[in-house]
Amino acid sequence: MPSDFIRDIVAADLAAGKYKQIHTRFPPEPNGYLHIGHAKSICLNFGIAREFAGICNLRMDDTNPTKEDVEYVDSITEDVNWLIRGWADDRLGMKLKGKTPESRQVNGKQDSYLPPVLDPSANAGQASSLPPSPNANAAGGRQDACSTLEPFYASDYFGPVYEYALQLVKKGLAYVCDLSPEDTDKYRGAPDRPGQDSPWRNRPIDENLDLFVRMKNGEFPDGARTLRAKIDMASPNIWMRDPVLYRIRHAEHHHTGGAWCIYPMYDFAHCLSDYIEGITHSICTLEFEVHRPLYDWILQNLDLPRPRPHQYEFARLNLSFTVMSKRKLLQLVNEKRVSGWDDPRLPTISGLRRRGVTASALRAFAYNIGITKYNGLTDVAVLEHAIREDLNQSALRRLAVLRPIKVVLTNYPEGKTEELDATNNPEDPNAGTRKIPLSRTLYIEQDDFMENPPPKYFRLRPGGEVRLKYAYIIKCEEVVRDASGKIIELRCVADLDSKSGGPTANRKVKGTVHWVSAAHAIDAEVRLYDRLFTVAEPDATGDFKLHLNPHSLEVVTAKCEPSLKDANPDLRYQFERLAYFALDKDSRTLTGHPRPIFNRIITLKDTWAKEAAKR
RNA sequence: UGUCCGGUGGUGUAACGGUAGCACAAGGCCCUUUGGAGGCUUUUGUCAUGGUUCGAAUCCAUGCCGGACAGCCA
């Protein structure tokens, strides 16, 4: 079980009896696709819900209609579900489709509350030791729940949030300001210089009320007025200098349509959304640290009958050799530097998924990097290690040759084929074995033969011996070239007694090489992905696109063992001695595509490459 | 020259006043029908200076360094 300062706080709060149940939330804005930095946050928020028998709501933080889109809502929902499936999906708080907060009276105070609904079909088959949520059955039957559940939307709270704004106005804690955006800027001052009061700051309450209602009714154009909190223009904290609470935007909203023309700002909507959903621990990234006093101010100054949520901040993920900002990712997508948001080279969750990275690998990565308040740079090698570790356990081993060179076994009978046993996964005895065909003509990897090898090279060379994995030891006797001098064929003699179980099976040969029978091989398109950038910090200086890796994608036609024609899109494969692969979605969607398409997820560790690089 | 938050090997993290540990990376060795996996092993660290204490990475002070904040974005 992970441990970090936030979980310490949660545990202490629980021990002190501060809350009956922990309630977190994951609140992305639907203005882009989720990336691995979000995965860290998802694992934190859902991990806490899971470990402390709580709930984590999925919420669209959609208060800015001009930047958001349902495409993003859908991708976010899919990515979150994929990442937590079978792990914390039974802790996922959703709501009934179309449901908005209920208004009620609590201790004589007006309250708005929208409790979560858990999907009763989640984590099916796994006996859960967690206590059932009080709301677990609110949706009724299992089928019902699945079809009628949806994420929370901050925009579903526009009604109550507007009411809360009215409450502040009536208390003299908010006012309508007529300053232009430029003047608002000027009046704000600077970090080391106090701001000035707006000339509209002391507008009478009745006038504020009247104006705010008319703002809502659409009487004023965009930017004409704002609703501002009345706090302190001289505060050393910029966010306390009468922050804007509402702005006018005559824009269609992806979720509320044309219902509103004023929209609450993040700071006003977020704390209230947390409150309305009954969130106990509102976890966000470090840049919101300076907003916390405002978060607390708003909640404190409203008459709220239920316990208030509290905000805690942790350091966002920075990963070497990639970019993480939505703006930059969007730029790569829009400028077609990559094929789309789910390009396998991108650090987006959908990209990683398409590449073949598993959800469990991502979770392991999130666990390994921990949670702190220190803003560092995580080496992408840590991610790569988590992926390899996960795949080593589960991937099916197969033989495939990416860059073939022909080998003829001169002493092997023409037309003969034999079936050899090959291990499906040495890490998992239950994975069993399969048959692979061997015949006189084979392919091996070009890299596995060198005419004049350097020291410590122990693959095939003229006159040298090498083991064909699962098969015979062969000796290279002749190198055949075409007219241009290019090597086109290796003629080898096989030790026909050296097969597993044979008399000379235990002869020590330094190298073992993968191969595929030429007559039986199937072709596959193989997409070899590499890091998208050539430098550790592409956005450190200047234009990050200058550091794009021109070799981040190479496509080859590989020769594969025949069993791979039935490759399963849900499984991962290790092409032995090379890398891990997964079937690309194009294999299914490109109708009539003549052959499977494999994405390289991650190479195997290559000690020889490292050795060779030293020269 | 403002406020807030940080600073532990190359990187990321743990140690909650009591032996500075783990992972990744790097190097070496063993093993190997994957130069994979696995096993063993080495190098490298508490920002600085004072103070409190029997004892400080931890508490206090000062300094130094780094990050965040001046959208009607989130």
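Structure shown above.
On a predicted model such as this, the values are computed, not experimentally measured, just so you know.

1. So, the protein's contact with RNA strand B
Move 1: Taken together, 71 residues sit near RNA strand B, with Asp-185, Arg-249, Arg-397, Gln-574 and Arg-577 positioned nearest.
Move 2: When atoms of RNA strand B within 4 Å of the protein are sorted by moiety, sugar and phosphate together comprise 66%.
Move 3: A distance of 2.8 Å separates a base oxygen of RNA strand B from a polar atom in the side chain of Arg-467.
Move 4: Looking at the surface near RNA strand B, the elements with two or more residues in it are helix 6 (181-188), strand 11 (244-248), helix 13 (380-394) and helix 15 (607-613).

2. Regarding the pairing of strand 10 (residues 226-229)
For a regular strand, the rule is simple: side chains alternate between the two faces of the sheet.
Move 1: Burial along strand 10 is two-sided: Thr-226 and Arg-228 facing one way and Leu-227 and Ala-229 facing the other are all buried.
Move 2: The pairing of strand 10 with strand 11 spans 3 bridges and is classified as antiparallel. If you follow Leu-227 over to strand 11, its bridge partner there is Tyr-246.

3. Digging into the packing of helix 1 (residues 5-15) against helix 2 (residues 36-51)
Between two packed helices, what matters for the description is the angle formed by their axes and the separation of those axes.
Move 1: Between helix 1 and helix 2, the least distance of the axes is 11 Å, while the angle of their chain directions is 35°. Handedness of the helix 1/helix 2 crossing: right-handed. Two secondary-structure elements touch here, helix 1 through Ile-6, Arg-7 and Val-10 and helix 2 through Leu-44, Gly-47, Ile-48 and Glu-51.
Move 2: Along the lines of polarity and charge, the residues of the contact of helix 1 with helix 2 split into 4 nonpolar, 1 polar and 2 charged.

4. Describing the layout of surface pockets
Move 1: Here the second largest pocket is characterised by a volume of approximately 1300 Å³.
Move 2: If you go around the second largest pocket, you meet 42 residues; those closest to its centre are His-38, Glu-287, Phe-288, Arg-316 and Lys-326.
Move 3: Mapped by element, the contributors of at least two residues to the lining of the second largest pocket are strand 1 (23-26), helix 2, helix 8 (266-277), strand 13 (281-285) and helix 10 (326-334).
Move 4: For the lining of the second largest pocket, a count of residues per class yields 17 nonpolar, 13 polar and 12 charged.

5. Quick word on the sheet that holds strand 26 (residues 522-529)
Move 1: The 7 strands lie next to each other as 15-28-29-30-26-27-16, forming an open sheet whose pairing is mixed. Edge positions in the sheet fall to strand 15 (396-398) and strand 16 (400-401), since each has one partner strand and no second.
Move 2: The pairing of strand 29 (residues 579-583) with strand 30 (residues 597-603) spans 5 bridges and is antiparallel. Residue pairing across strands places Leu-583 opposite Phe-598, the latter belonging to strand 30.
Move 3: Across the sheet, helix 13 lies against strand 15, strand 28 (572-575), strand 29 and strand 30, angled at about 120° from strand 30, the strand it touches most.

6. Re the nonpolar core
General note: in soluble globular proteins, nonpolar side chains tend to be found buried as a group.
Move 1: In this structure, Ile-36, Ile-42, Phe-46, Val-80 and Leu-83 are the most contacted members of the largest nonpolar core, which totals 47 residues.
Move 2: For Val-80, the residues in contact, after removing those within four places along its chain, are Phe-26, Leu-34, Ile-42, Phe-46 and Leu-58.

7. A look at the environment of Arg-306
Move 1: Among the secondary structure elements, Arg-306 is positioned in the loop between helix 9 (292-300) and strand 14 (310-314).
Move 2: If sequence neighbours within four positions are ignored, Arg-306 has contacts with Arg-104, Asp-111, Ser-112, Tyr-113, Tyr-275, Ile-276 and Gly-278.
Move 3: Among the polar contacts listed, one links the side chain of Arg-306 to the backbone oxygen of Ser-112, at a separation of 3.0 Å.
Move 4: Among the polar contacts listed, one links the side chain of Arg-306 to the backbone oxygen of Tyr-275, at a separation of 3.0 Å.

8. Some details on the sheet that holds strand 21 (residues 465-468)
Move 1: Strands sit in the order 24-21-22-23-17-20-25 across an open sheet of 7 strands; the sheet is mixed. Each edge of the sheet is formed by a strand with only one pairing partner; in this case those strands are strand 24 (512-513) and strand 25 (515-517).

9. Digging into helix 12 (residues 359-369)
Move 1: Buried residues of helix 12: Ala-359, Ala-361, Leu-362, Arg-363, Phe-365 and Ala-366, and no others.
Move 2: Where the residues of helix 12 are buried, they touch helix 2, helix 3 (70-84), helix 11 (349-355) and helix 13.
Move 3: Just beyond helix 12, the residue with positive phi is Gly-370, at close to 75°.

10. Structural notes on the pattern of salt bridges
Move 1: Overall, the coordinates contain 55 salt bridges when judged by the stated rule.
Move 2: A salt bridge links Arg-507 to Glu-465; its shortest N-O distance comes to 2.4 Å. Separated by 42 residues along the polypeptide, Arg-507 in the loop between strand 23 (487-495) and strand 24 and Glu-465 in strand 21 bring together distant segments of the chain.
Move 3: One salt-bridge network, held together by shared partners, links Asp-342, Arg-354, Glu-525, Arg-527, Asp-584, Lys-585 and Asp-586.

11. As for empty space enclosed by the protein
Empty space among the atoms becomes visible once a probe the size of a water molecule is rolled across them.
Move 1: In total, this model carries 1 cavity of 30 Å³ or more according to the counting rule given.
Move 2: Volume-wise, the largest cavity comes out at about 40 Å³.
Move 3: In terms of lining, the largest cavity is formed by Leu-399, Ile-436, Pro-437, Trp-515, Val-516, Ser-517, Glu-561 and Pro-562.
Move 4: Sorting the residues of the lining of the largest cavity by element identifies strand 19 (433-438) and strand 25 as the ones contributing at least two each.
Move 5: Tallying contributions element by element places strand 25 first for the lining of the largest cavity, with 3 residues.
Move 6: Its residues placed into classes, the lining of the largest cavity shows 6 nonpolar, 1 polar and 1 charged.

Analysis parameters
Residues numbered from 1 in each chain as written. Chains lettered and ligands numbered in written order. Predicted model: local features only at pLDDT ≥ 70, side-chain atom pairs only at ≥ 80, totals over all residues. Heavy atoms only, no water. Near = heavy atom within 4 Å. Polar contact = N/O pair within 3.5 Å; in protein donor to acceptor, adjacent residues only side chain to side chain. Helix = DSSP H or I, 4+ residues; strand = E, 2+ residues; numbered from the N terminus. Buried < 20%, exposed > 50% of the residue type's maximum accessible area, 1.4 Å probe, protein only. Pairing = 2+ DSSP bridges. Axes fitted to C-alpha atoms, helices over the stretch in contact; angles between N-to-C directions. Left-handed = near helix turned anticlockwise from the far one by under 90°. Contact = heavy atoms within 4.5 Å. Nonpolar A, V, L, I, M, F, W, Y, C, P; charged D, E, K, R; others polar. 1 Å grid on protein atoms, 1.4 Å probe; cavity = no way out; pocket = protein on both sides within 12 Å on 5 of 7 lines; lining within 4 Å. Points joined across faces, edges and corners; volume = space filled by probe spheres on them. Core = buried A, V, L, I, M, F, W, Y, C linked by side-chain atoms within 4.5 Å. Salt bridge = Lys/Arg side-chain N within 4 Å of Asp/Glu carboxyl O.

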